[in-house]
Every structure is written in structure tokens, then in C-alpha cells.
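Here are the chains, one letter per residue:
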Amino acid sequence: MSDQHGILSRMVGVGDMVLLEPLSEENFLENLQKRFKADHIYTYIGSVVVSVNPYKHLSIYGPDKIEEYRGRNMYELPPHIYAVADLAYRSMKNHNRDQCVLITGESGAGKTEASKIIMQYVAAMSSKSQEVTKIKQQLLQSNPVLEAFGNAKTVRNDNSSRFGKYMDIEFDFKGDPIGGIITNYLLEKSRVVSQSPGERNFHVFYQLLNGPEHVLNKLKLSKNEKYSFLTESEVSSSIDDAGNFRDVLTAFNVIGFGTEEVDHILQAVAAVLKLGNVKFKAKSAKNGMEGCSVEDMKEIEDVCALLGMDAEKFATSLTQRVMTARQEKVTCTLSASEAAYARDALCKAIYSRLFSWLVKRINSSIQSQAKTKRKVMGVLDIYGFEVFENNSFEQFIINYCNEKLQQIFIELTLKEEQEEYVQEGIEWIHIDYFDNEIICKLIEEPHTGILSMLDEECLRPGDATDATFLKKLHDNCGTHSRFESRFNPEFLSDKSLPHDSYRITHYAGKVTYRVDGFLDKNNDSLYRNLSVSMYGSSHTILGGDAGLFLEGGPTSDNMKRPPTTATQFKSSIAELMKNLHSKNPNYIRCIKPNAVKRSGIITQDLVQHQVRYLGLMENVRVKRAGYAFRQKYEDCLERYKMLSKTTWPNWHGVPKKGVAEILKARDIPDKEYAFGHTKIFIINPKTLFSLEDARQDSLHDLATIIQRIWRGYVQRQRFLTMKRAAIMISKNVRSYLASKKYKMLRVATIVMQSYIRGWKARCILRAHKELKRRIFAVTVIAAHWRGCADRKKYRRYFRANAGGVIARFMEKLHLYLYLTKVRDNAPSKSPIDKVWPKCRYPCLEETHRQLEAVHHRWRCMVYRKSISKERQGQLEEKLEASELFKGKKSLYWISLPAMFKGDYISIQRQEKWAKVAAATDDKTIIFADEGFKINRADGKAVSSTVVVSDKAMLLLQPETYKVKYRLPLSDIKGLSYSPYADGMTLIHITPPTGGPAAKTYKGDVMLNVAHSIECGTRLYRKIKQTTGKEIPMKIAKGSTLASKGGDCTVEFSESASEDVVSPVIKKVKKTFAVSVPKKQVPNGATPQQNGETAAA
Ligand SMILES: Nc1ncnc2c1ncn2[C@@H]1O[C@H](COP(=O)(O)OP(=O)(O)OP(=O)(O)O)[C@@H](O)[C@H]1O
Ligand SMILES: [Mg+2]
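Here the structure is a predicted model, which means the values were calculated and not measured.

Calculation criteria
Throughout this description, residue numbers start from 1 for each chain and increase along the sequence as written. Both sets of labels track the order of writing: A upward for chains, 1 upward for ligands. Local features in a predicted model are, by the rule used here, given only for residues with pLDDT of at least 70; side-chain atom pairs are given and counted only at 80 or more, and totals for whole chains, interfaces and linings are based on all residues. Computation of side-chain values covers all heavy atoms of the structure but excludes hydrogens and water. Think of the donor list as every N, O and S atom within 2.8 Å of the metal, or within 3.2 Å for Na, K and Ca; water never makes the list, so a site can look incomplete. Strands here are runs of E lasting at least two residues and helices are runs of H or I lasting at least four, both read from the DSSP assignment and numbered beginning at the N terminus. Paired strands are those between which DSSP finds at least two bridges. All axes are obtained by fitting lines to C-alpha atoms, using only the stretch in contact for helices, and the reported angles, taken between N-to-C directions, cover 0 to 180 degrees. One heavy atom within 4 Å of a molecule or strand is enough for the residue carrying it to be called near that molecule or strand. In the analysis that follows, any N or O atom pair within 3.5 Å is treated as a polar contact, provided that within protein one partner can donate a hydrogen and the other can accept it, and provided that, for residues neighboring in sequence, both atoms belong to side chains. Note on areas: these come from Shrake-Rupley sampling with a 1.4 Å probe, and a residue is covered only by the protein chains present in the view. Throughout, exposure labels follow a simple rule: accessible area from a 1.4 Å probe, protein chains only, divided by the maximum for the residue type, with under 20% read as buried, over 50% as exposed, and the rest as partly exposed. The criterion used for residue contact is that any of the two residues' heavy atoms lie within 4.5 Å. Two distance rules govern patches: like charges are joined within 9 Å, and nonpolar side chains (Val, Leu, Ile, Met, Phe, Trp, Tyr) within 5 Å, applied only to residues with over 30% relative accessible area and no salt bridge. Here, a salt bridge means any Lys or Arg side-chain nitrogen found within 4 Å of an Asp or Glu carboxyl oxygen. Charged residues are defined here as Lys and Arg on the positive side and Asp and Glu on the negative side; His and the ends of the chain fall outside this count. In this description, the location of a charge corresponds to atom NZ of lysine, CZ of arginine, CG of aspartate or CD of glutamate. Using only the protein atoms, space was sampled on a 1 Å grid; points where a 1.4 Å probe fits but cannot get out form cavities, open sets with protein on both sides within 12 Å along at least five of seven lines form pockets, and lining residues are those with an atom within 4 Å of a point. Grid points are joined across faces, edges and corners, and a volume is the space filled by probe spheres set on the points. We call Asp, Glu, Lys and Arg charged. Ala, Val, Leu, Ile, Met, Phe, Trp, Tyr, Cys and Pro are nonpolar, and the rest, Gly among them, are polar. Multiplying 1.5 Å by the helix residue count minus one yields the expected span of that helix. Each pair of aromatic rings taken from Phe, Tyr and Trp, with Trp reduced to its six-membered ring, is defined by centres within 6.5 Å and is described as stacked if the planes are under 30 degrees apart, edge-to-face if over 60, and tilted in the remaining cases. Working rule for angles: under 35 degrees goes down as roughly parallel, over 145 as roughly antiparallel, 65 to 115 as roughly perpendicular, anything else as oblique. By the definition used in this description, the sense in which the near helix is turned from the far one sets the handedness, with an anticlockwise turn below a right angle giving left-handed and a clockwise turn giving right-handed. Arc, as used here, means the arc of the directions from the helix axis to the C-beta atoms. Take the buried Ala, Val, Leu, Ile, Met, Phe, Trp, Tyr and Cys residues and link them wherever side-chain atoms come within 4.5 Å; each set so joined is a nonpolar core.

Looking at the coordination of the magnesium ion (ligand 2)
For the magnesium ion (ligand 2), the full set of protein donor atoms is Thr112 (OG1) and Ser161 (OG), and the range of their distances to it is 1.9 to 2.1 Å. Here Ser161 lies in strand β5 (residues 160-161) and Thr112 lies in helix α4 (residues 111-125), a separation of 49 residues in the sequence.

Notes on the sheet that holds strand β30 (residues 1064-1068)
Across the sheet, four strands lie side by side as β28-β29-β31-β30; this open sheet has mixed pairing. Edge positions in the sheet fall to β28 (1038-1041) and β30, since each of these pairs with one other strand and no more. Direction aside, the axes of adjacent strands within the sheet are offset by 25° on average.

Topic: the site of ligand 1
In the neighbourhood of ligand 1, 19 residues make up the surrounding shell, with Ser107, Lys111, Thr112, Ser160 and Ser161 lying closest. The contact in question runs from an oxygen atom of ligand 1 to an N or O atom on the backbone of Gly108, over 2.8 Å. Taking 620 Å² as the accessible area of ligand 1 by itself, protein coverage stands at 87%. Per-element tally for the shell around ligand 1: the top contributor is α4, with three residues.

Some details on the pairing of strand β24 (residues 972-977)
Where burial is concerned, most of β24 is hidden: five out of the six residues are buried. Sheet topology note: the β24/strand β25 (residues 984-989) ladder contains five bridges and is antiparallel. The residue of β25 that forms the bridge with Ile972 is Ile989. Here β24 folds back onto β25 in antiparallel fashion, the turn holding six residues. Examined bridge by bridge, β24 and strand β27 (residues 1033-1035) share three bridges and lie parallel to one another. Bridge pairing in β27 places Ser976 opposite Lys1034.

Regarding the side chain of Glu147
Relative to the helices and strands, Glu147 is located in helix α5 (residues 130-150). Assessed through its relative accessible area of 14%, Glu147 is described here as buried. Leaving out residues up to four positions away in the same chain, Glu147 has contacts with Thr112, Lys116, Asn159 and His203.

Some remarks on a negative patch on the surface
A cluster of like negative charges, contributed by Glu295, Asp296, Glu301, Asp310 and Glu312, occupies part of the molecular surface. Looking at the secondary structure, you find Glu312 in helix α12 (residues 311-319). Residue classification places Glu312 among the exposed positions, given a relative accessible area of 54%.

Observations regarding empty space enclosed by the protein
On inspection of all chains with the given rule, the structure shows five cavities of 30 Å³ or more. In this structure, the largest cavity encloses a volume near 60 Å³. Around the largest cavity sit Met119, Val122, Ala123, Lys136, Leu139, Leu140, Ile169 and Pro177, which together line it. Of all the elements in the fold, those that place two or more residues in the lining of the largest cavity are α4 and α5. Looking at side-chain class alone, the lining of the largest cavity contains seven nonpolar, no polar and one charged residues.

Structural notes on the pattern of salt bridges
This model, assessed by the stated rule, comprises 59 salt bridges. With a closest N to O distance of 2.6 Å, Glu877 and Arg1018 form a salt bridge. Pair noted here: Glu877 is in helix α28 (residues 869-885) and Arg1018 is in helix α32 (residues 1012-1027), with a separation of 141 residues, a long-range link. Each member of the pair, Glu877 as well as Arg1018, is classed as buried. With a shortest N-O distance of 3.5 Å, Lys951 and Asp921 are connected by a salt bridge. Of this pair, Lys951 sits in the loop between β21 (941-949) and β22 (952-956) while Asp921 sits in the loop between α30 (911-920) and β20 (925-934), and the two are 30 residues apart along the sequence.

Details of unusual backbone geometry
In this structure, the amide linkage connecting Glu21 to the following residue, Pro22, adopts the cis form with an omega of -20°. Mapped onto the elements of the fold, Pro22 is located in the segment before α1 (25-37). Even without a glycine there, the phi angle at Asp39 is positive, about 60°. Topologically, Asp39 is positioned in the loop between α1 and β1 (42-45).

Description of the environment of Lys93
Position of Lys93 relative to the elements: it lies in helix α3 (residues 81-95). Note on Lys93: relative accessible area 41%, which makes it partly exposed. When the C-alpha atoms of Lys93 and Val272 are compared, they prove to be 46 Å apart, with 179 residues separating the residues in sequence. When near neighbours in sequence (up to four residues on either side) are disregarded, Lys93 contacts Lys174 and Gly175.

A few points about α32
For α32, spanning 16 residues, the distance from its first C-alpha to its last is 22 Å, which sits close to the expected 22 Å at 1.5 Å a residue. Residues of α32 that are buried: Ser1012, Ile1013, Glu1014, Cys1015, Gly1016, Thr1017, Arg1018, Leu1019, Tyr1020, Lys1022 and Ile1023. Count one or two residues on from α32 and you reach Gly1028, which has phi positive near 75°.

Focus on the packing of aromatic side chains
The tally for this structure, following the rule as stated, stands at 34 aromatic pairs. Geometrically, the ring pair formed by Phe149 and Tyr351 is stacked, given 6.4 Å between the ring centres and 25° between the ring planes. One end of the pair, Phe149, is in helix α5; the other, Tyr351, is in helix α13 (residues 336-366), with 202 residues separating them in the sequence. Take Phe149 and Tyr351: they sit in the same class, and that class is buried. Look at Tyr421 and Tyr627: their rings are 5.6 Å apart centre to centre, the planes differ by 55°, and that puts the pair in the tilted class. Placement of the pair is Tyr421 in helix α14 (residues 393-423) and Tyr627 in the loop between α22 (616-625) and β17 (629-632), with a sequence separation of 206 residues. A relative accessible area of 0% means that Tyr421 is categorised as buried. One aromatic cluster is present, built from ring pairs that chain together Phe149, Phe202, Phe205, Phe252, Phe257, Tyr351 and Trp357.

Structural notes on the sheet that holds strand β18 (residues 673-675)
If you walk across this open sheet you meet the three strands as β17-β19-β18, and the pairing is antiparallel. The two strands at the open ends of the sheet, each matched to only one other strand, are β17 and β18. Each strand of the sheet is rotated relative to its neighbour by a mean of 15°, with strand direction disregarded. Relative to strand β19 (residues 679-682), β17 runs antiparallel, the two being bridged by four bridges. Within β19, the position partnered with Phe629 by the bridge is Ile682. Packed onto the sheet, helix α24 (residues 655-665) meets β18 and β19 and runs at close to 165° relative to β18.

Side note on the packing of helix α16 (residues 450-459) against helix α17 (residues 466-477)
Orientation of α16 relative to α17, taken along the N-to-C sense of each, is 140°, at an axis distance of 10 Å. Judged by the angle between their axes, α16 and α17 are oblique. When you trace α16 past α17, the crossing you get is right-handed. Residues Ile450, Met453, Leu454, Glu456 and Glu457 of α16 lie in contact with α17, whose contacting residues are Thr468, Phe469, Lys472, Leu473, Asn476 and Cys477.

Structural notes on α30
Every buried residue belonging to α30 is among Trp913, Val916, Ala917 and Thr920, and all of these are buried. Each buried residue of α30 lies within a common arc of 100° when the element is viewed along its axis, so the set occupies one face. Seen from the open side of α30, the exposed residues pointing more than 90 degrees away from its buried face are Glu911, Lys915, Ala918 and Ala919. Here the buried face of α30 lies against β20, β21, β22 and β23 (963-968). Downstream of α30 by one or two residues, Asp921 has phi in the positive range, about 65°.

Here's the deal with a nonpolar patch on the surface
On the surface, Val747, Val751, Met752, Tyr755, Ile756 and Trp759 cluster together into a nonpolar patch covering about 660 Å² of accessible area. Inspection of the secondary structure puts Val747 in helix α25 (residues 685-795).

Let's talk about the pairing of β1
Across the two faces of β1 the burial is the same, with Tyr42 and Tyr44 and Thr43 and Ile45 all buried. Relative to strand β2 (residues 48-52), β1 is paired through four bridges, and the arrangement is antiparallel. The residue of β2 that forms the bridge with Ile45 is Val48. Adjacent in sequence and paired antiparallel, β1 and β2 are bridged by two residues, among which Gly46 carries a positive phi angle near 65°.

Notes on the nonpolar core
Ranked by size, the top nonpolar core spans 184 residues in total, and within it Phe149 and Tyr502 carry the most contacts. In terms of residue count, α13 provides more of this core than any other element does, 17 residues in total. Setting aside chain neighbours within four positions, we find Phe149 in contact with Leu187, Phe202, Val204, Phe252, Ile265, Val269, Tyr351, Leu354, Phe355 and Leu358. Leu884, Ile926, Met953 and Leu967 belong to the second-largest nonpolar core, a separate cluster that totals 35 residues.

Next up, the structure:
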């Protein structure tokens, strides 16, 4: 056979059996063998993958390979499971069809491995988001857990699945996995208590025993102990149990099992192991019946400690049986073998229920919570067809399951396909194949099928045994071509068929089943007292109302009898078939190359046998003669309508013609396809792929068009929005401007209106005023005219000069009234009384003022005349003082109230003074007071008595009145004062031009005298009187003090502090700085009184 066919030329042998030339079984097997030897373990039959187990690791898996196969057509690359997985995944994503991958083959053919490869591919396909990765991890990690608890080593396979598994992986619309649901089918639980030679119990037992020491101690297990449920020789097998156990624990963690939960699971497993070691010893019971007791209570105690039960009670429930007969409870003892049987039943129950619980628990973790629409890809990995030396109920069930899968395969690939060609009117030569429906019927037919008879035998009253069941089988199926038993005379002498067995010729070969245990296994019942014990356990998974032994609960007496195992299995398989029928199938046909589980060996006979029973040759034949692809015209038209201009976007004619248009447009030769009644059939997958490729290209073009239109639409929408916005903006702007203009116009209008109205109003007002004036003028004129007229009229009645008389009389009258009024309201005689009555006669206003002045002068004269000469003199002095100081020196107002006294120290009465006066001839004193003389040299104030006589001014030593200085009045040339309320007096002296006076002359004198106003006034008056000169009086802030040593400056200032009571004099060089007190309150006079007195 040559490597031919272009695209497949790189391959060893022929990659697709459909292309095998010539097609014969021999060639088929040779091709398989050739490819297998070259490690090409996958070969296609159309889209079906035939996989030959290599029993060794091949480097054809992994992320790189997955990437290679991603999105590629099947024939572009060498055959691979990835291609099928990709086809299924893409078909699910693109065609929105639920998919299922059916993996079939006998035990050890590689189904489980294939299912894992599919899952890996699907996981790698989808997105890498955190959430999706978590779900994918959980889905993938469910495998190690389920394999540990559900797989075991058999003579056919070191990792044989001892349960059926169908896993639905759910995807969202993007093709990302969102969860999964696992359905499990009947676990081969008999393996828990016994295994055939060379086989092992479930992996988990060995894994647990190879686990860490602390775990074992906690579970009361020991590596060195012998466990009767485990085949001795297999405890230390080549399988890496310790490593696998670690993987299982990790997987538990990834799926979401809590540590406590895992502990409880392991406790249950350990309890099963320990229970296996419970031995019973026979003893006779009290009633003479055979009984038994537990040999070593230690094991029971350990089990009870693990499961939370009472050891004594549990031991009793293992060795006794409580039965209800006529509503009475009867307890009967069990023989040692019966007790061992009950113990095994319990172990099987615990383990199988734990397994189902595990599946449920995993489902609760991986099941999608999303309520969105989802697509599903199912992967079926069921236990393969198997023939052992000793085949029991489990093998029967397993093989029945495989029959059903073979049936579905035949139906979908051989039967329906051929029937379809006929129905569709396609020219077709029928290809024969073996239809296993006859076998399926033999097993499952209601009433007559083997399973129905088994159920009947289990349920019927009376003594039903496995033997009676076998007899019944013979009675009903004895004549069936596929059923054989020793009851049949034909096989009476067939030594290969034992008496307690029947044989069925399955699609994959003959299998002899021993009926021993069939009824029990089908009944699957547990002694009630054991269920009650388990129900009472405090173990969270097993015991209680949420546990796995609900039939042991108090309310379970009325519970309906559970359906038998056969019934359950039959209905679950029927359900599975229905499910598979509803999905698009993808097939992987696994072939086992040899029986020794070794790589590189391919046993021709074994492979040939499998090729035959799997119907692969028929499959190839149908594929070769048939069509690779068929589809309803409507669907085909819908999918490929974009490939022809006439069908795009809509075809309004008959769909068939539309499809023809498409094929014509793609230039597909007529021989490549055929028209059925309702479907189009395409021979070569390449044609289909070319259509698909063209569709993809068109989709790109369409996407571009859609994008273009969409972008156009979006831009147009944007443009329209912008246009609307522009209109809106311009509308608003215009409205704003118009309203602004309108407001301005309105204001202008109002202004104009107001001007016009004002102007009009003023015109009217003017007119009115004019009218009023005219009316007034008219009235006046009229009055005058009337008056004139009246006067003219009445003149002759009056004397001619009456007016003048009356006027003079009126004048006098008014004058009289005025004067009497003035007289009556005349003010007091006090010259300071300002009150003067008001004048009511405007014509007498001037007279009234003059009268007021005359009156004032008169009362002043009266006042003057009333005062004495002395007082007159005093007032004259005061008047003089006022002229000199008023308004110039603050002290004036203080001195004003008191009259000048002159001699303040009563010096004239002093004898000492009389002597001085006699000596100086200063007898008439005009002023005497204590004071201070200020030293010209240092500004120091020296107490001194100041005396002014009518001739001179004297400075006397106080008390002694010794004359210290005498200044003739004629020598005084001026006086200086500060403007403040102080008593500082500077006396400027005309320097003597010679004589003795010149010798004693020192300069001007500076005094501080309390009554400086009086002193100054009297000095001034006296000098004026005696010399006729008016000496200058200087009142200023600064003055000059003549001194012999040179003139000095005197600067007066008012002290800022209120506390200063006397002048402070400081001499700095030639300047006397005199700081005077702020105020002086003399004789308790108030400023107001001052005012009044001043006014007077
Ligand atoms: N593709 C493969 N590559 C390498 N080894 C494989 C492959 N397929 C199967 N094997 C080997 O064959 C063994 C048996 O395969 P697998 O467990 O898948 O068989 P099975 O068909 O599931 O059998 P059963 O029906 O008993 O469960 C695997 O443990 C593995 O060692
Ligand atoms: Mg398997």
C-alpha cells in the first residue's frame, strides 16, 4: 500500500481508512499495524477516530500540539483526537449544537485516557481568565479523585474504570467552560470485598495505606497490618500509590473540599478496610440455633471510633438480624458465614454510597450557577467490554452497557445513514452490517429480557434463588440464538459452559456469566439493623438524616422498596441514550493492541477481533460509498447563502435550487454531490471544507460590510447628533442675542418713550401753568377792574382823604401794639440776659433791632452805675487782663473767676517788709506772692517772694524778706509767657548802659508765679501808667532769654502725663526746655463757670 493522496502523503500508511485501496480487512489491519509501529496511533474513518492504545507516552500531546490543531480542518493535519475535539468544540461554538464524544472500546483500550485528552484540549481552547481557569482546574481535577475511588487494577487494565462516567461540560456563548455535571453509572462494588487473582481493590485503599504516617495513625491504620479486603501481593505494586494519593489530596483541595470533609471521606474508607478484618467465630445461640460472635472487638471498636458508633451495639447488629414478621420484630442470630456476608454487604454499601456521594459533592462544586443559556459537550467514558474467567452480575451490566453504546454507534453511523440515502432517493447499494439490536433486546426487552426476569425473580414470593433464575432464563430465552445454557440440549455436554452459568454471544464475543450472587446483587439490600446502626452513626457523611443510610431512619418503615439494581441501571442507560441522541455525536473507537499491556506489541488476532465486532470495516464501506456530509437544504442555504450573489442576502425560491445556485457559484463538479429529497449530500469532506473556508472568507467580507455600514451608521448618528447640537446651540445663541437685542431695544424704547412722554407732560404742564397764570392774571385784572369799577361806583359815597387817615391810624395802632408788646415782654436788666422778644411786624424789623441795642446799652449803663469805684478798678484790671491774655494763654480762663487780690501773702502787715519798704521806698504794693526764680545757669527753681510795688519789682528771700533783686519798672522792656496753663513768666530787661546797675546785670529774669496773669496785668498797667509805654507781651511756645553769658532759648511744652503738677525745667546748653503741667485747676472753678464769667 503506498502513501498516496496528497494532503495525507506525509503520513505513514493511510490516515483515513476511507482512502484505503483496495479495501479489505487485511489491508485495514495492515494499515493499522503499520501506523501503530510508527507510533501513529490515530487513524480516521471519515470523522471517526480509531485509536490504538500505545501503552507508552508519546510526544503528540501538549500545548504546542493543541495550538497546531486549533481551528484547523480535519484533513490538514495527521489524525488526532485533538482534531475530533476541535471539530466538536467548533461545531458547538459555530453551529450552536450540543456535542457528545462517544469513546468506546474494550477494557484497557484507552477510553479514559482519550477522555482526558479531550478535556485537556477543551480546557486549552477556552479563555485564560481567572474564573475560567478555576472552573477548568476543577473539571480536570475531578479525574484523579474519581479514578482513585472508581478505578482499579484488573487483569485487563492497570487503571480500569469500574464505573461508568458521563460528563457534561457546560460552556457559555463565548465557548468558555462555566461548569460541568458528572453522571456516574453503577460502580463494581463487589470489588470492595473480593478481587480475582492478579487484580486489586480500588486504588484509594492502596493510596491511603501508602499515605503519610500521621494520616494512617489518625485513621487507626497501619502499613504493616494485613487487610483481608486487599489482595496481599498487590499492596506494593508498581503503581505509584503514594504519589497518586498526594495528587488526590491536591485535587480535593482544588475542587473545593474542606480538610474536615476529606478527613471524613478517608475515615469511611478506613472503616471499610478495618471492617474487612472483623472476623466471626461460631457459637451456638441460646435457642440452639447457630450463632456467632466477633472474634476481636478491637477492630469493631476502631471502626466505631472512626464512624462514631457504639461498639457493642454495632457488634450485635453484625451478628444478629432483626426481621419483622406479622408486625412483630423477631431477632435471629447469624452464623459466622452469614455475619461475614452481612459485613461484606455493609462494606460494599458504605463504599458505593460514598462513591455516589463523592460524585454529587464534586457536582455541587463544578456545577454552573449561571442561569444563562449554555451549550454542552458531553464526554462518555464508560467501562469497556470485558471478559474474565469468572464473569458475574457486574460484567453482565458492563457488557450490556457496551452493547447499548455499540447499538447507538450502529444506529447513527450505519443504519440511519443507509436508511437516509434510501429515503432521500440517493442511489445506494446496501452494505451489510451486524446489528446488535437482537442482543440488546435479549437483555433489556420488558417481560422477556434477562434483566426483567432477574427483577421478577427478585420480587416474586417464594424461594427464589440464582438457580431458579437460571432456569427461568432458560425457559424464556433458551431458544434465543445468542443465549446458551446447559439446560439447552445443544450445550448439554459443553464443558466450557458450567451448570450455574449462561452464555451470551455479545457483539464483541461470547461471555459466560455465573449466576451466583445475581439475585443478591440485584436486590442490593442491607440488613435493616445494619442500616439502623449506620443511620445512628455520628459520621457526617454516613449517618443521620443527611447521611447515606436513610433507610435505617425511624421513618423508613413505610418506605417503598427501592428499585432493583438492574431496573435502575436500565433506566439510567435509557436516559443516557436519549441524551446522546439529542446531541451531535463524535466517535473515538479505541482498540487494544495486545493483552499484555505492553507497548510496541500488536496482536493481529486481537485487533482483528475488535475491528470486526466494532464494525469498523462496515463503517469504512458506508463512508466510502456514502457522502461525507449531508444537510437539509434550508440549513445549507442558510449557512452558505453568502457564497452566491443570487442567494445573498435572501433566496426566495425553492431551497434546493438555492443550494444548487451556491454549488454552481463555487464551481463544484456535479460528481461531488447529490441532491436528495430534502437534503444535499456532499461526497468529499474537502468540498465541505472548501465551502467552509469560502464561508469564512465571505464572513470576513460580510463583517467588513457590516462594520462599514455600522461605522457609517455610527458616524451618521454622530453627525445627526452634532447637527442637532449645532442647531440647538445656534438656536440658543440666536435666541440669546435676539433677547439681548430686544431688551436693549426695549430699554431704548422706554427711554425714548419716557423722554417723549416727559416732553409731552412738560408741554402740557407749561400749557397748564400758562393757563393758570393767565387765569390768575385774568382774575387779578378782573379784580382790579372790578375794584376800579367798584371804587368808581362807590367813590362818591366816601370822603376823598379817608384812606390816608385810616392808614395813619393803622400805622399808629400797629406801633402802639408793638411797643406795648415789647414793654410787656421786656427782658431782665441783667446785661448778660440775651432774651429779646420777637417782632411780628416785618416793617418794624430794623426798629426792633435798634431798640434791642438801645435797651442793652441802657441796662449796661444802669449796671455800670450800680458798681463801686473799687470794683470798677478791679473790672478794669480784668478787662486789661482779658485783652492781654484771652485766647492766647490757657491760664487766663483759670484766673478769670477770681478777682485780682494783689497781696496774696499779706506782706504789708509784716514788720520785716515795713523795714524793707522803708529802705527801698517801695511802700505801695500792687502784687505780692510766693514764687520761684529760675536760675539762668542751670534752670533750677529757687523759692522766692515776688513783690511788685508802684516803682519796682522785688525778689525777696522768703520769710526774711531780704531783697535779693530789685528791678525798677522802667527797666522792664517786655514780658513773655507760654500759651499753656502754667505760671512761667519771662521778664525782659533793658540792659543798663553803665553805672553800678550794669555791674549787677545778669540778664532777663525767669519766674514761676502762681498768679502770673494778675502779676503780668498789673505790671503792664503800672508800667503803662508810670512810663506811658505799652510793653510787648509775648505769648508763644518759644522765647528768648537774654543773659550776660549769651542769649538762651526757652521752649515751652505741655507734659504728656497728667501726673505732672509743676513745671519741669531742663537746661541743655543754651536751651531751657520747660515742660509745664497739662492743667491747673485753680480755686475749684469749673471751665463752664469760667465761660460764664468770661462772657460777663
Ligand atoms: N493515548 C495513550 N497514550 C499512552 N498510554 C495510553 C494511552 N491510552 C491508554 N494508555 C495506557 O493504557 C492504559 C489503559 O487505558 P485506559 O484506562 O484509558 O483504558 P480504558 O479503555 O479506560 O479501560 P477500562 O474500560 O478498563 O476503563 C492506561 O493506563 C495507559 O497506561
Ligand atoms: Mg477507563
